[in-house]
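Residue-level structural notes
What follows is each chain in one-letter form.
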Amino acid sequence: MFRAVFRLSSTGARTLVRSRPPSSAPLASRYYSHDKVETDEEFDARWVMYFNRHDIDAWELQKGMNALIGYDLVPEAKILDSALRACRRVNDLASAIRILEAVKDKAGNHKDIYPYLIQELKPTLSELGISTPEELGIDKL
């Protein structure tokens, strides 16, 4: 009985293999974008301008931060400076602290990035009256 099942399954598999016509399609070619590649300076300037808008509201601030954190990079200190100032303009302290937490998370295993950014942002943080997650004690939760 098993021989009959095996014979049927093997002949069925052979007919499936034979039943496909040979592919005559040309090899697929890749189409790359011909758009201009954005430099690091242009990228930074675009995000600084986004957060420096005076009509930005809390929703646009969070949308911009979600998009920025979605990139495979840790934002520069000047971008974070303008984002923190936008948080102060919309009076959203929670978003400012979330920004600092997200930057710490994005830094990952690179232990020297987050302290460097905090050092660069220290004048802005003290000017705006924003405490770091470490100062608030919420980094240990």
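First, a word on what this report is: a plain description of the structure on this page. (Residues numbered from 1 in each chain as written. Predicted model: local features only at pLDDT ≥ 70, side-chain atom pairs only at ≥ 80, totals over all residues. Heavy atoms only, no water.)

Overview of the overall build of the protein
- The helix and strand tally for the protein stands at seven helices and zero strands.
- Going from the N terminus to the C terminus, the protein shows its helices and strands as α-α-α-α-α-α-α.
- Residue burial in the protein is summarised as follows: out of 141 residues, 28% are buried.
- Counting only contacts in the protein whose residues sit at least 6 apart along the sequence, the fraction spanning at least 24 positions is 65%.
- Accessible surface, the protein: about 10600 Å² in total, of which carbon and sulfur atoms supply 57%. (Helix = DSSP H or I, 4+ residues; strand = E, 2+ residues; numbered from the N terminus. Buried < 20%, exposed > 50% of the residue type's maximum accessible area, 1.4 Å probe, protein only. Contact = heavy atoms within 4.5 Å. Areas by Shrake-Rupley, 256 points an atom, 1.4 Å probe, with all protein chains shown as cover.)

Section: the packing of aromatic side chains
- Here the structure, examined in full by the defined rule, presents six aromatic pairs.
- Between Trp 47 and Tyr 71 the ring centres are 6.3 Å apart and the planes differ by 75 degrees, which places this aromatic pair in the edge-to-face class. Here the residue Trp 47 occupies a position in helix α2 (residues 40-51), and Tyr 71 occupies one in the loop between α3 (58-70) and α4 (77-89), the gap between them amounting to 24 residues.
- By relative accessible area, Tyr 71 is classed as partly exposed at 32%.
- Among the aromatic residues, ring-to-ring pairing joins Phe 43, Trp 47, Tyr 50, Phe 51 and Tyr 71 into one connected group.
- The ring of Tyr 50 carries Arg 53 above its face, with NZ or CZ at 4.9 Å from the centroid. (Phe/Tyr/Trp six-rings, centres within 6.5 Å; stacked < 30°, edge-to-face > 60°. Lys NZ or Arg CZ within 6 Å of the ring centre and 35° of its normal.)

Comments concerning the side chain of Asp 81
- Within the element layout of this structure, Asp 81 appears in helix α4.
- Within the structure, Asp 81 has its side chain in polar contact with the side chain of Thr 124 (distance 2.3 Å).
- Asp 81 has contacts with Leu 121 and Thr 124, leaving out every residue within four places of it along the chain. (Polar contact = N/O pair within 3.5 Å; in protein donor to acceptor, adjacent residues only side chain to side chain.)

Structural notes on α3
- A rise of 1.5 Å per residue sets the reference length of α3, with its 13 residues, at 18 Å; its end C-alpha atoms lie 18 Å apart and thus fit the reference within 8%.
- Of the residues making up α3, those classed as buried are Leu 61, Gly 64, Met 65 and Leu 68. Buried residues of α3, seen end-on, are gathered within an arc of 100 degrees and therefore sit on one face of the element. Of the residues in α3, the exposed ones pointing more than 90 degrees away from the buried face are Trp 59, Asn 66 and Gly 70.
- For α3, the elements touching its buried residues are α2, α4 and α5 (93-107). (Expected span 1.5 Å × (residues − 1). Arc of directions from axis to C-beta.)

Some words on the packing of α5 against helix α6 (residues 113-128)
- Following both chains from N to C, one finds α5 and α6 inclined at 160 degrees, their axes separated by 9 Å at the closest point. In terms of orientation, α5 and α6 fall into the roughly antiparallel class. At the point where α5 passes α6, the crossing takes the right-handed sense. In contact with Leu 100, Val 103, Lys 104 and Ala 107 of α5, α6 contributes Ile 113, Tyr 114, Leu 117, Ile 118, Leu 121 and Leu 125.
- Among the residues forming the contact of α5 with α6, the class breakdown is nine nonpolar, no polar and one charged. (Axes fitted to C-alpha atoms, helices over the stretch in contact; angles between N-to-C directions. Parallel < 35°, antiparallel > 145°, perpendicular 65-115°, else oblique. Left-handed = near helix turned anticlockwise from the far one by under 90°. Nonpolar A, V, L, I, M, F, W, Y, C, P; charged D, E, K, R; others polar.)

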